[in-house]
Amino acid sequence: MYRLRVRFPSLKPSIKNTPDRLHRLYNRLEALALTFPPGEVPLYYPRNFHSLHRVLPHLGGVVPVEGPVGDDDFAIEVGHPDILEGDLFKASGYRANFHESRAVLTLVEGDRETVLWDKPCREWIFFAYPDELVMPFRQGGQSLQRILIPRIEAGSSRMLERLKIFLKDPQEPEGVHQYRVSIRSFRALISMVKPLLDEGKYRAIQQHFRSLAHDAALLRELDVIMEEYLLAGAEDGAFLAALRADRRREEERLVAALNHGKGRRLLRRGVNLFLEALSQSSWKEVDGLYFVDMRLHNWYRFTLESLWELDRFDFPFVHRIRIKSKKYRYITEFFQELMTETQLNQHKMAKKRQKRLGEICDALRNQEAIDEMLSAFGPAASTEALAFQERESQREEEILMDLGLKEAATSPEPQEPAREGELPPLEAEPMEVARPQEIRQKSLEPQTAAPLTKKIKALPTEDGGDEVKKEVRGIRSLFVGGAVVLGMAVAAIKRFFRR
């Protein structure tokens, strides 16, 4: 029989099991159960893990059993770290520190056990797709050069074609969007081969294509804001007229920058820089299929690890998850005929994840874009813009609550009035939280693959922000003529408390 001893970071009897904590526990239990053959896997637990009574009925393939471990062919065991460590050492002579979250798999033969593997918590992510645990990355027999050149040609042709479509009808919003998507997907190819390229040349190539995409960013941003504004049921007014005027000016500038072959030359120059850097790399000696499998595996692991770490919304952190999901999606589409069923399923998940996280990022970016445009608007357009900004803020909060990244605001429980002769109840002292500046500085620091038990630093509570917003709304109602100045103040205060 096989026995898996586990110390779950979420299974601590002394800590309240919040919905977020239980959600992470679901994921980890399911992932660990996947390491065994299909079917029901009993999970043995002691009496002090009361939360398992509520958790396990929701899991397929995992059966809760309270008490000592039985003689099942495959079993998972949880318990106190000292007991797990002592039992394992007695049975196998192997000592593992279960005070740190980990899982140890053993083969049970009579009274003796042989340790097959010992994984710390951060390595459990591999169990989410066990096929890659059982077999190594595939060996295709073809060099990376041979399988990559057709994809570079296809990506280059797509960028040139999308540029042509945009220049032919620049007023069509989908044209500039697809042009930018083609550049992003080509940049995913560049990211995939990053380990093989000279670091300086890699940065230069990425910056070249990043600049081309950024040059078209404002036009796309205006299209997104207008689309969301109309979807919200708003009517034509001063704000929409101002956005359309801005779009016409930006459209003329971008067309002038890309027309008459200038855009095509810039794209071809970037492709040639990429090919030149590859020619000086080892891509001729590298097994292509093995390399693609490895890079996709690493990107998918990064997204899952990051999502398991995510307790609260953090824009730079979420943006990195979104970017990795995009890269996985684009590379899977480039090499679709070479993909396994597991990789294709992960592609679907990456696409859903990218879309959902994109909705949050778009709502936040729309609010920031209004801040940047507000000073150029007249009073009427500013009033409409601030109303739209407030709707986007509400949309952002609804998505965050739907994803479990933010709890819904709850009204304080009514307190009974103090009886005569009694003192009123003491108010609890406010919790000390990190300042927003510190949180922003920490979130922008480069991050490496961190243990799954690492938590994102808590953001400030929303209570203070709600009070400030109420005061600002009250002032704005008294001084309608100062809508522009007040709008910028509201936006600054909201950003301060949100981040």
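All chains use their own residue numbering, which begins from 1 and follows the written sequence. pLDDT decides what is reported in this predicted model: residues at 70 or higher carry local features, side-chain atom pairs at 80 or more are listed and counted, and totals for whole chains, interfaces and linings draw on all residues regardless. As a rule here, side-chain values cover all heavy atoms of the structure and leave hydrogens and water aside.

**Examining the pattern of salt bridges**
For clarity, the threshold we go by: Basic side-chain nitrogens of Lys or Arg form a salt bridge, by our definition, when they fall within 4 Å of a carboxyl oxygen of Asp or Glu. Per the convention used, a helix needs a DSSP run of H or I reaching at least four residues, while a strand needs a run of E reaching at least two, with both numbered from the N terminus. Burial classes: relative accessible area under 20% of the type maximum marks a residue as buried, over 50% as exposed, and values in between as partly exposed (1.4 Å probe, protein chains only).
Inspection of the entire model under this criterion finds 20 salt bridges. The partner of D118 in a salt bridge is R102, and the shortest N-O contact between them spans 3.0 Å. With D118 in strand β6 (residues 112–120) and R102 in strand β5 (residues 102–109), this pair connects stretches of sequence that are 16 residues apart. You can call R102 buried: its relative accessible area is 12%. Residue R253 pairs with D215 through a salt bridge whose shortest N-O separation is 3.1 Å. Linking R253 in helix α9 (residues 238–258) with D215 in helix α7 (residues 199–215), this pair joins segments that are 38 residues apart in sequence.

**Some points on the nonpolar core**
Formally: Each nonpolar core is a collection of buried residues, namely Ala, Val, Leu, Ile, Met, Phe, Trp, Tyr and Cys, held together in the definition by side-chain atoms within 4.5 Å.
By size, the foremost hydrophobic cluster in this structure holds 50 residues, and its most contacted members are L144, L148, M192, F209, I331 and F335. Elements with a contribution of two residues or more to this core: α5 (144–168), α6 (173–192), α7, α9, α10 (262–279), α11 (288–309) and α12 (315–334). Examining the composition of this core, we find that nine residues originate from one element, α6, more than from any other. Grouped together as the second largest cluster of nonpolar side chains are 17 residues, L222, I225, A242 and F388 included.

**Describing the sheet that holds β5**
As a reminder of what qualifies: A pair of strands counts as paired when DSSP detects no fewer than two bridges linking them. Only the contacting stretch of a helix is used when fitting its axis, a line to C-alpha atoms as for every element, and angles between N-to-C directions run 0 to 180 degrees. By definition in these notes, contact holds between two residues if any of their heavy atoms fall within 4.5 Å.
The sheet built from six strands is open, its strands ordered β3-β2-β4-β1-β5-β6 with mixed pairing. Edge strands, defined here as strands with exactly one partner in the open sheet, are β3 (62–66) and β6. Sheet twist, expressed as the average angle between the axes of neighbouring strands with direction ignored, equals 25°. Those strands touched by helix α3 (residues 81–92) are β1 (2–7), β4 (74–78), β5 and β6, and its axis lies near 135° from that of β6.

**Section: the packing of aromatic side chains**
Which entries qualify depends on this criterion: Working definition: rings of Phe, Tyr and Trp (its six-membered ring) pair if their centres are within 6.5 Å, and the pair is stacked with planes under 30 degrees apart, edge-to-face with planes over 60 apart, and tilted otherwise.
Within the structure shown, the criterion is met by nine aromatic pairs. On the basis of an interplanar angle of 40° and a centroid distance of 5.9 Å, the ring pair of F239 and F388 is categorised as tilted. Here the residue F239 occupies a position in helix α9, and F388 occupies one in helix α14 (residues 379–402), the gap between them amounting to 149 residues. What makes F239 buried here is its relative accessible area of 0%.

**Quick notes on the pairing of β5**
Counting buried residues along β5, six of its eight residues qualify, which places the element largely inside the surrounding structure. Here β1 pairs with β5 via six bridges, running antiparallel. If you follow R5 over to β5, its bridge partner there is V104. Bridging between β5 and β6 involves eight bridges; their strand directions are antiparallel. For L107, the partnering residue across the bridge sits in β6 and is T114. The hairpin formed by β5 and β6 contains two residues between the paired strands, and G110 there has a positive phi angle of roughly 70°.

**A word on the environment of H99**
Just so we agree on the cut-off: N or O atoms closer than or at 3.5 Å make up a polar contact, with two conditions inside protein: a donor-capable atom paired with an acceptor-capable one, and, for residues adjacent in sequence, both atoms drawn from side chains.
The residue H99 is located in the loop between α3 and β5 in this model. Under the relative-accessibility criterion, H99 is labelled partly exposed at 46%. In sequence terms H99 and E85 are 14 residues apart; their C-alpha atoms lie 8.8 Å from each other. With residues up to four places along the chain from it excluded, the contact list for H99 reads R7, P81, D82 and E85. Separated by 2.7 Å, the side chains of H99 and D82 make a polar contact.

**A word on α7**
Operational definition: A helix is expected to span 1.5 Å for every residue after the first.
When the terminal C-alpha atoms of α7 are compared, their 24 Å separation across 17 residues agrees well with the 24 Å that a helix rising 1.5 Å per residue should span. Buried residues along α7 sit in contact with α5, α6, α8 (217–231) and α10. Capping of α7 at its N-terminal end is provided by D198; its side-chain oxygen lies 3.1 Å from the backbone amide nitrogen of G200.

**Concerning a negative patch on the surface**
Here is the rule we go by: Two joining distances apply to patches: 9 Å for like charges and 5 Å for nonpolar side chains (Val, Leu, Ile, Met, Phe, Trp, Tyr), and every residue must have over 30% relative accessible area and no salt bridge. Only the protein chains shown count as cover for residues, and the accessible areas themselves come from Shrake-Rupley with a 1.4 Å probe. When charges are tallied, Lys and Arg are placed among the positive residues and Asp and Glu among the negative ones, while His and the ends of the chain are skipped. To locate a charge, take NZ of a lysine, CZ of an arginine, CG of an aspartate or CD of a glutamate.
A cluster of like negative charges, contributed by D169, E172, E174 and E227, occupies part of the molecular surface. Along the chain, the position of E172 falls in the loop between α5 and α6. E172 sits in the partly exposed class, given a relative accessible area of 37%.

**Looking at the packing of α6 against α7**
For clarity, the cut-off: Each angle receives one of four descriptions, namely roughly parallel if under 35 degrees, roughly antiparallel if over 145, roughly perpendicular if within 65 to 115, and oblique otherwise. The residue classification treats Ala, Val, Leu, Ile, Met, Phe, Trp, Tyr, Cys and Pro as nonpolar and Asp, Glu, Lys and Arg as charged. All others, Gly included, are polar.
Relative orientation of the contacting elements α6 and α7 amounts to 170°, with a least axis distance of 9 Å. In terms of orientation, α6 lies roughly antiparallel with respect to α7. Along the contact surface, α6 presents Y179, R180, I183, F186, R187, I190 and S191, while α7 presents Y202, I205, Q206, F209, R210, L212 and A213. Looking at the contact of α6 with α7 residue by residue, the class counts come to nine nonpolar, two polar and three charged.

**Remarks on unusual backbone geometry**
The residue H260 is not glycine, and still its phi comes out positive at about 60°. As for its placement among the helices and strands, H260 is situated in the loop between α9 and α10.

**Re the confidence of the model for the protein**
Which entries qualify depends on this criterion: pLDDT gives the predictor's per-residue confidence on a scale running from 0 to 100.
Overall, the predicted model of the protein reaches an average pLDDT of 75, with 67% of residues at or above 70. Below a pLDDT of 50 lies the segment residues 125–135, which in the model reaches 27 contacts outside its immediate sequence neighbourhood of four places, other chains included. Low pLDDT, under 50, characterises residues 410–486; the stretch is placed with 76 contacts to residues that sit more than four places away or in other chains.

**Focus: the side chain of R220**
Tracing the sequence through the fold places R220 in helix α8. Side chain to side chain, R220 and H177 meet in a polar contact 3.4 Å long. Not counting the four nearest positions on each side in its chain, R220 is found in contact with P173, V176, H177 and R180.

**Looking at a positive patch on the surface**
Taken together, the side chains of K164, K168, R264 and R268 present a region of like positive charge at the surface. Taken together, the elements giving at least two residues each to the positive patch come down to α5 and α10. Turning to its location among the elements, R268 is positioned in helix α10.

**Things to note about α9**
If you check α9, its first and last C-alpha atoms are 30 Å apart, about what 21 residues at 1.5 Å a residue would give, namely 30 Å. Turning to α9, its buried residues number three or more, namely F239, L240, A242, L243, A245, R247, E250, E251, L254, V255 and L258. Among the residues trailing α9, H260 stands out with phi positive, at a value near 60°.

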